[in-house]
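Chain and residue survey
Below are the chains, spelled out letter by letter.
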Number of protein chains: 2
Amino acid sequence: MDEERIEKLREKGIAPTIQRLVVLQYLEESTTHPTVEEIYEALKGQYPTFSKATVYNTLQVLTQAGLIQELTIEKEKAHYDPRPDIHHHFFCRRCHRIYDVEIDCSVVKRGMVEGHKIEMVQAYFYGLCARCREEGDA
Amino acid sequence: MDEERIEKLREKGIAPTIQRLVVLQYLEESTTHPTVEEIYEALKGQYPTFSKATVYNTLQVLTQAGLIQELTIEKEKAHYDPRPDIHHHFFCRRCHRIYDVEIDCSVVKRGMVEGHKIEMVQAYFYGLCARCREEGDA
DNA sequence: TTTCAGATTTAGAACAAATATAAATCAAGA
DNA sequence: TCTTGATTTATATTTGTTCTAAATCTGAAA
Ligand SMILES: [Mn+2]
Ligand SMILES: [Mn+2]
Ligand SMILES: [Zn+2]
Ligand SMILES: [Zn+2]
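About the criteria used
- Residues numbered from 1 in each chain as written.
- Chains lettered and ligands numbered in written order.
- Predicted model: local features only at pLDDT ≥ 70, side-chain atom pairs only at ≥ 80, totals over all residues.
- Heavy atoms only, no water.
- Donors = N, O, S within 2.8 Å, 3.2 Å for Na, K, Ca; no water.
- Tetrahedral: all angles 85-135°; square planar, octahedral: opposite > 155°, others 65-115°.
- Helix = DSSP H or I, 4+ residues; strand = E, 2+ residues; numbered from the N terminus.
- Near = heavy atom within 4 Å.
- Polar contact = N/O pair within 3.5 Å; in protein donor to acceptor, adjacent residues only side chain to side chain.
- Nonpolar A, V, L, I, M, F, W, Y, C, P; charged D, E, K, R; others polar.
- Least-squares fit on C-alpha atoms with pLDDT ≥ 70 in both.
- Contact = heavy atoms within 4.5 Å.

Now for the coordination of the zinc ion (ligand 3). Residue and element names in this part refer to chain A. Coordination of the zinc ion (ligand 3) by the protein comes from Cys92 (SG), Cys95 (SG), Cys129 (SG) and Cys132 (SG), over a distance range of 2.3 to 2.4 Å. Considering all 4 donor atoms around the zinc ion (ligand 3), the spread of angles at the metal, 105 to 114 degrees, places the coordination shape in the tetrahedral class. Spacing between the donor residues of the zinc ion (ligand 3) along the chain follows C-x2-C-x33-C-x2-C. Pair noted here: Cys92 is in strand S3 (residues 88–92) and Cys129 is in the loop between strand S6 (116–128) and helix H6 (130–134), with a separation of 37 residues, a long-range link.

The subject of this paragraph is the protein's contact with DNA strand D. Taken together, 15 residues are adjacent to DNA strand D, and Ala78(A), Thr17(B), Gln19(B), Thr49(B) and Thr54(B) come closest. When atoms of DNA strand D within 4 Å of the protein are sorted by moiety, sugar and phosphate together comprise 80%. Between DNA strand D and Glu76(A), the relevant distance is 3.5 Å, taken from a sugar or linking oxygen to a main-chain nitrogen or oxygen of the residue. For DNA strand D, a phosphate oxygen lies 3.4 Å from a polar atom in the backbone of Ser51(B). For the surface near DNA strand D, the secondary-structure elements that each account for two or more residues are helix H2 (18–29) and helix H4 (52–64) of chain B. Counting residues per element, the surface near DNA strand D draws most heavily on H4(B), which supplies 3 residues. Taken together, the residues of the surface near DNA strand D sort by class into 5 nonpolar, 6 polar and 4 charged.

All names here are of chain B. Distances from the zinc ion (ligand 4) to its protein donors, Cys92 (SG), Cys95 (SG), Cys129 (SG) and Cys132 (SG), fall within 2.2 to 2.4 Å. What the 4 donor atoms of the zinc ion (ligand 4) show is an angle range of 106 to 115 degrees at the metal, which sorts the shape as tetrahedral. Motif for the zinc ion (ligand 4), donor spacing along one chain: C-x2-C-x33-C-x2-C.

When chain B is fitted to chain A, the residual RMSD is 0.0 Å, and the transformation amounts to a turn of 180 degrees plus an axial shift of 0.0 Å. Each copy turns onto its partner about a two-fold axis. By C-alpha distance to the rotation axis, the residue of chain B lying nearest is Ala123(B), at 2.0 Å. An overlap of 100% is found between the interface residues of chain B and their copies at the interface of chain A, pointing to a shared contact surface.

In C-alpha coordinates form, the structure reads like this:
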(Lines give C-alpha, C1' and ligand atoms only; values in the text may rest on other atoms or scores of the structure.)
(Ligands and ions follow the chains in the order given, each with its own letter.)
Protein backbone atom coordinates (compact mmCIF):
# COMPACT_ATOMS: atom_id res chain seq x y z
CA MET A 1 0.00 0.00 0.00
CA ASP A 2 0.99 3.58 -0.36
CA GLU A 3 -0.24 4.60 3.05
CA GLU A 4 3.40 5.08 3.98
CA ARG A 5 3.98 7.26 0.97
CA ILE A 6 0.92 9.35 1.76
CA GLU A 7 2.20 9.86 5.27
CA LYS A 8 5.65 10.74 4.01
CA LEU A 9 4.20 13.57 1.92
CA ARG A 10 1.81 14.78 4.61
CA GLU A 11 4.68 15.09 7.08
CA LYS A 12 6.32 17.54 4.73
CA GLY A 13 3.11 19.44 4.13
CA ILE A 14 2.80 18.21 0.55
CA ALA A 15 -0.68 17.30 -0.66
CA PRO A 16 -0.59 13.62 -1.59
CA THR A 17 -2.15 13.79 -5.06
CA ILE A 18 -2.31 10.74 -7.27
CA GLN A 19 0.30 12.18 -9.60
CA ARG A 20 2.77 12.80 -6.80
CA LEU A 21 2.20 9.38 -5.31
CA VAL A 22 2.70 7.68 -8.65
CA VAL A 23 5.93 9.56 -9.38
CA LEU A 24 7.26 8.88 -5.91
CA GLN A 25 6.33 5.21 -6.10
CA TYR A 26 7.98 4.82 -9.49
CA LEU A 27 11.14 6.42 -8.18
CA GLU A 28 11.18 4.35 -5.02
CA GLU A 29 10.80 1.13 -6.95
CA SER A 30 13.50 2.04 -9.44
CA THR A 31 17.21 1.43 -9.03
CA THR A 32 18.39 3.24 -12.15
CA HIS A 33 18.24 6.90 -11.11
CA PRO A 34 15.83 7.76 -13.94
CA THR A 35 15.46 11.01 -15.87
CA VAL A 36 12.29 13.07 -16.28
CA GLU A 37 11.81 11.55 -19.71
CA GLU A 38 12.06 8.02 -18.38
CA ILE A 39 9.65 8.70 -15.55
CA TYR A 40 7.18 10.35 -17.88
CA GLU A 41 7.35 7.60 -20.50
CA ALA A 42 6.87 4.92 -17.87
CA LEU A 43 3.81 6.55 -16.31
CA LYS A 44 1.92 8.28 -19.11
CA GLY A 45 0.20 5.10 -20.26
CA GLN A 46 -0.98 4.38 -16.77
CA TYR A 47 -2.61 7.78 -16.44
CA PRO A 48 -4.21 9.29 -19.58
CA THR A 49 -3.86 13.03 -18.94
CA PHE A 50 -0.57 12.79 -17.15
CA SER A 51 1.69 15.65 -18.13
CA LYS A 52 5.43 16.13 -18.34
CA ALA A 53 5.04 19.46 -16.55
CA THR A 54 3.67 17.55 -13.60
CA VAL A 55 6.75 15.35 -13.54
CA TYR A 56 8.93 18.45 -13.42
CA ASN A 57 6.76 20.07 -10.75
CA THR A 58 6.61 16.97 -8.63
CA LEU A 59 10.32 16.26 -8.75
CA GLN A 60 11.00 19.85 -7.76
CA VAL A 61 8.60 19.66 -4.83
CA LEU A 62 9.99 16.34 -3.64
CA THR A 63 13.57 17.50 -3.99
CA GLN A 64 12.93 20.71 -2.06
CA ALA A 65 11.23 18.74 0.68
CA GLY A 66 14.32 16.56 0.95
CA LEU A 67 12.44 13.38 0.08
CA ILE A 68 14.53 12.64 -3.01
CA GLN A 69 17.65 14.10 -4.60
CA GLU A 70 18.71 15.37 -7.99
CA LEU A 71 21.95 14.23 -9.64
CA THR A 72 23.91 16.33 -12.14
CA ILE A 73 26.09 13.38 -13.06
CA GLU A 74 25.31 13.91 -16.76
CA LYS A 75 25.65 17.41 -18.18
CA GLU A 76 22.69 17.02 -20.54
CA LYS A 77 19.96 15.93 -18.17
CA ALA A 78 19.16 15.52 -14.50
CA HIS A 79 18.70 12.12 -12.89
CA TYR A 80 16.60 11.51 -9.80
CA ASP A 81 17.32 9.39 -6.77
CA PRO A 82 14.74 8.11 -4.28
CA ARG A 83 17.40 8.11 -1.57
CA PRO A 84 17.75 11.59 -0.08
CA ASP A 85 20.78 10.76 2.06
CA ILE A 86 24.35 11.52 1.05
CA HIS A 87 25.90 8.71 -0.93
CA HIS A 88 28.13 8.55 -3.97
CA HIS A 89 27.58 7.44 -7.55
CA PHE A 90 29.43 5.73 -10.35
CA PHE A 91 28.58 6.46 -13.99
CA CYS A 92 29.67 3.97 -16.64
CA ARG A 93 30.80 5.58 -19.87
CA ARG A 94 29.98 2.40 -21.79
CA CYS A 95 26.50 1.35 -20.61
CA HIS A 96 25.53 4.64 -18.93
CA ARG A 97 24.31 2.84 -15.84
CA ILE A 98 24.46 4.75 -12.58
CA TYR A 99 25.47 2.76 -9.50
CA ASP A 100 25.21 3.69 -5.85
CA VAL A 101 28.58 3.61 -4.13
CA GLU A 102 28.83 3.16 -0.40
CA ILE A 103 31.80 5.05 0.98
CA ASP A 104 31.93 7.18 4.02
CA CYS A 105 34.07 10.18 3.78
CA SER A 106 35.48 11.82 6.89
CA VAL A 107 35.20 15.27 5.34
CA VAL A 108 31.50 14.79 4.76
CA LYS A 109 31.02 13.64 8.34
CA ARG A 110 32.89 16.64 9.67
CA GLY A 111 30.50 18.92 7.76
CA MET A 112 33.23 21.42 6.94
CA VAL A 113 35.91 21.90 4.30
CA GLU A 114 38.49 24.65 4.43
CA GLY A 115 36.17 26.91 6.38
CA HIS A 116 33.14 26.30 4.20
CA LYS A 117 30.02 24.81 5.74
CA ILE A 118 28.84 21.73 3.83
CA GLU A 119 25.08 21.32 3.42
CA MET A 120 25.03 18.90 0.53
CA VAL A 121 27.45 16.67 -1.33
CA GLN A 122 27.52 15.04 -4.73
CA ALA A 123 30.42 12.79 -5.63
CA TYR A 124 30.53 11.28 -9.08
CA PHE A 125 32.94 8.62 -10.24
CA TYR A 126 33.20 8.02 -13.97
CA GLY A 127 34.74 5.05 -15.75
CA LEU A 128 34.02 1.51 -16.82
CA CYS A 129 31.70 -0.51 -14.61
CA ALA A 130 32.37 -4.04 -13.37
CA ARG A 131 29.78 -5.53 -15.68
CA CYS A 132 31.14 -3.82 -18.81
CA ARG A 133 34.71 -4.66 -17.87
CA GLU A 134 33.90 -8.37 -17.78
CA GLU A 135 32.45 -8.27 -21.25
CA GLY A 136 34.35 -6.77 -24.20
CA ASP A 137 37.45 -4.67 -23.65
CA ALA A 138 38.10 -0.90 -23.62
CA MET B 1 54.98 34.61 -23.12
CA ASP B 2 52.68 31.96 -24.43
CA GLU B 3 55.46 29.79 -25.81
CA GLU B 4 54.63 27.34 -23.06
CA ARG B 5 50.99 27.33 -24.03
CA ILE B 6 51.85 26.79 -27.69
CA GLU B 7 53.99 23.83 -26.72
CA LYS B 8 51.26 22.45 -24.49
CA LEU B 9 48.85 22.37 -27.42
CA ARG B 10 51.41 21.03 -29.90
CA GLU B 11 52.17 18.11 -27.58
CA LYS B 12 48.54 17.10 -27.79
CA GLY B 13 48.43 17.54 -31.55
CA ILE B 14 46.21 20.62 -31.32
CA ALA B 15 46.95 23.48 -33.73
CA PRO B 16 47.80 26.51 -31.59
CA THR B 17 45.49 29.07 -33.17
CA ILE B 18 45.13 32.52 -31.68
CA GLN B 19 41.60 31.74 -30.53
CA ARG B 20 42.66 28.62 -28.69
CA LEU B 21 45.62 30.33 -27.10
CA VAL B 22 43.50 33.21 -25.91
CA VAL B 23 40.84 30.94 -24.40
CA LEU B 24 43.45 28.80 -22.71
CA GLN B 25 45.28 31.84 -21.37
CA TYR B 26 42.09 33.34 -20.02
CA LEU B 27 41.24 30.10 -18.28
CA GLU B 28 44.73 29.67 -16.85
CA GLU B 29 44.72 33.16 -15.42
CA SER B 30 41.27 32.79 -13.91
CA THR B 31 40.45 31.36 -10.52
CA THR B 32 36.68 31.40 -10.81
CA HIS B 33 35.95 28.36 -12.98
CA PRO B 34 34.18 30.48 -15.61
CA THR B 35 31.30 29.53 -17.90
CA VAL B 36 31.24 29.75 -21.71
CA GLU B 37 29.33 33.00 -21.45
CA GLU B 38 31.89 34.55 -19.11
CA ILE B 39 34.79 33.50 -21.29
CA TYR B 40 33.11 34.80 -24.40
CA GLU B 41 32.15 38.13 -22.82
CA ALA B 42 35.67 38.64 -21.51
CA LEU B 43 37.36 37.95 -24.84
CA LYS B 44 35.05 39.21 -27.56
CA GLY B 45 36.19 42.83 -27.23
CA GLN B 46 39.79 41.79 -27.54
CA TYR B 47 39.14 40.00 -30.80
CA PRO B 48 36.54 41.51 -33.17
CA THR B 49 35.24 38.43 -35.00
CA PHE B 50 35.54 36.10 -32.05
CA SER B 51 32.59 33.72 -31.92
CA LYS B 52 30.81 31.88 -29.17
CA ALA B 53 30.90 28.73 -31.28
CA THR B 54 34.66 28.90 -31.11
CA VAL B 55 34.55 29.02 -27.34
CA TYR B 56 32.42 25.87 -27.33
CA ASN B 57 34.69 24.16 -29.87
CA THR B 58 37.86 25.12 -28.07
CA LEU B 59 36.69 24.04 -24.65
CA GLN B 60 35.63 20.72 -26.10
CA VAL B 61 39.00 20.20 -27.76
CA LEU B 62 40.92 21.18 -24.63
CA THR B 63 38.77 19.01 -22.40
CA GLN B 64 39.15 15.97 -24.65
CA ALA B 65 42.90 16.48 -24.73
CA GLY B 66 42.93 16.46 -20.95
CA LEU B 67 44.34 19.98 -20.69
CA ILE B 68 41.37 21.35 -18.77
CA GLN B 69 38.24 19.92 -17.18
CA GLU B 70 34.54 20.53 -17.27
CA LEU B 71 32.48 20.86 -14.08
CA THR B 72 28.77 20.00 -13.86
CA ILE B 73 28.49 21.60 -10.44
CA GLU B 74 25.55 23.73 -11.65
CA LYS B 75 22.71 22.02 -13.49
CA GLU B 76 22.08 24.96 -15.83
CA LYS B 77 25.52 25.50 -17.28
CA ALA B 78 29.00 24.00 -17.43
CA HIS B 79 31.99 25.61 -15.73
CA TYR B 80 35.59 25.16 -16.87
CA ASP B 81 38.71 24.54 -14.86
CA PRO B 82 42.29 25.11 -16.07
CA ARG B 83 43.48 22.36 -13.73
CA PRO B 84 43.01 18.96 -15.35
CA ASP B 85 43.96 16.96 -12.27
CA ILE B 86 41.46 15.45 -9.85
CA HIS B 87 40.50 17.86 -7.11
CA HIS B 88 37.26 18.74 -5.40
CA HIS B 89 35.05 21.82 -5.43
CA PHE B 90 32.83 23.80 -3.14
CA PHE B 91 29.88 25.77 -4.49
CA CYS B 92 28.42 28.56 -2.34
CA ARG B 93 24.64 28.84 -2.56
CA ARG B 94 24.81 32.48 -1.50
CA CYS B 95 27.57 34.04 -3.67
CA HIS B 96 27.83 31.25 -6.25
CA ARG B 97 31.61 31.22 -6.00
CA ILE B 98 33.35 27.94 -6.76
CA TYR B 99 36.35 27.08 -4.58
CA ASP B 100 39.00 24.44 -5.09
CA VAL B 101 39.14 22.03 -2.20
CA GLU B 102 42.29 20.05 -1.48
CA ILE B 103 41.41 16.66 -0.09
CA ASP B 104 42.91 13.38 -1.01
CA CYS B 105 40.57 10.52 -0.99
CA SER B 106 41.85 6.97 -0.58
CA VAL B 107 39.17 5.62 -2.93
CA VAL B 108 40.32 7.93 -5.71
CA LYS B 109 43.93 6.87 -5.17
CA ARG B 110 43.00 3.21 -5.32
CA GLY B 111 41.35 3.80 -8.70
CA MET B 112 38.53 1.37 -7.99
CA VAL B 113 35.14 1.38 -6.24
CA GLU B 114 33.06 -1.73 -5.76
CA GLY B 115 34.54 -3.38 -8.80
CA HIS B 116 34.19 -0.36 -11.09
CA LYS B 117 37.29 1.17 -12.64
CA ILE B 118 37.54 4.89 -11.93
CA GLU B 119 38.81 7.08 -14.76
CA MET B 120 37.53 10.43 -13.59
CA VAL B 121 36.08 11.95 -10.46
CA GLN B 122 34.00 15.01 -9.69
CA ALA B 123 33.16 15.78 -6.09
CA TYR B 124 30.98 18.76 -5.37
CA PHE B 125 30.31 20.21 -1.94
CA TYR B 126 27.44 22.66 -1.62
CA GLY B 127 26.74 25.06 1.21
CA LEU B 128 27.71 28.43 2.60
CA CYS B 129 31.28 29.56 2.03
CA ALA B 130 33.59 30.96 4.69
CA ARG B 131 33.38 34.46 3.29
CA CYS B 132 29.58 34.50 3.20
CA ARG B 133 29.35 32.98 6.65
CA GLU B 134 31.37 35.83 8.15
CA GLU B 135 29.06 38.41 6.67
CA GLY B 136 25.30 38.20 7.14
CA ASP B 137 23.65 35.13 8.53
CA ALA B 138 21.78 32.17 6.94
C1' DT C 1 -25.83 20.41 -1.28
C1' DT C 2 -23.98 24.36 -3.42
C1' DT C 3 -20.45 27.81 -3.65
C1' DC C 4 -16.05 29.44 -3.39
C1' DA C 5 -10.97 29.83 -3.00
C1' DG C 6 -6.72 28.01 -3.26
C1' DA C 7 -3.86 24.37 -4.81
C1' DT C 8 -2.66 21.42 -8.49
C1' DT C 9 -2.50 19.81 -13.10
C1' DT C 10 -2.14 20.50 -17.79
C1' DA C 11 -0.77 21.97 -22.62
C1' DG C 12 1.80 24.75 -24.87
C1' DA C 13 4.86 28.80 -25.25
C1' DA C 14 9.24 30.60 -24.06
C1' DC C 15 13.90 30.23 -22.74
C1' DA C 16 18.77 29.03 -22.49
C1' DA C 17 22.61 26.05 -23.13
C1' DA C 18 24.62 23.32 -26.26
C1' DT C 19 25.17 21.15 -30.78
C1' DA C 20 24.96 20.88 -35.80
C1' DT C 21 25.49 22.91 -40.29
C1' DA C 22 27.49 25.03 -43.97
C1' DA C 23 29.91 28.83 -45.82
C1' DA C 24 34.06 31.72 -45.22
C1' DT C 25 38.72 32.04 -43.82
C1' DC C 26 43.22 30.53 -42.81
C1' DA C 27 47.72 28.18 -43.16
C1' DA C 28 50.97 24.89 -44.78
C1' DG C 29 52.89 22.30 -48.37
C1' DA C 30 53.22 21.23 -53.34
C1' DT D 1 50.57 30.64 -56.65
C1' DC D 2 47.40 26.90 -56.00
C1' DT D 3 45.31 23.39 -53.43
C1' DT D 4 43.67 21.00 -49.49
C1' DG D 5 42.31 20.26 -44.99
C1' DA D 6 41.62 22.41 -40.65
C1' DT D 7 39.50 26.08 -38.21
C1' DT D 8 36.43 29.78 -37.43
C1' DT D 9 32.21 31.94 -37.84
C1' DA D 10 27.20 33.01 -38.06
C1' DT D 11 23.19 30.93 -37.87
C1' DA D 12 19.80 27.28 -37.41
C1' DT D 13 18.39 23.50 -34.74
C1' DT D 14 17.90 20.64 -30.84
C1' DT D 15 17.04 19.57 -26.13
C1' DG D 16 16.10 19.98 -21.35
C1' DT D 17 13.84 22.98 -18.43
C1' DT D 18 10.94 26.78 -16.87
C1' DC D 19 7.05 29.82 -17.38
C1' DT D 20 2.23 30.96 -18.19
C1' DA D 21 -2.42 30.84 -18.08
C1' DA D 22 -6.42 28.18 -18.41
C1' DA D 23 -8.73 24.04 -16.69
C1' DT D 24 -9.53 20.94 -13.00
C1' DC D 25 -9.73 19.36 -8.48
C1' DT D 26 -10.49 19.50 -3.38
C1' DG D 27 -12.02 20.74 0.91
C1' DA D 28 -14.13 24.15 3.78
C1' DA D 29 -17.90 27.44 4.48
C1' DA D 30 -22.50 28.81 3.78
MN1 LIG E 1 21.71 6.81 -5.52
MN1 LIG F 1 39.22 23.65 -9.73
ZN1 LIG G 1 28.85 -0.38 -17.82
ZN1 LIG H 1 29.72 32.57 -0.61
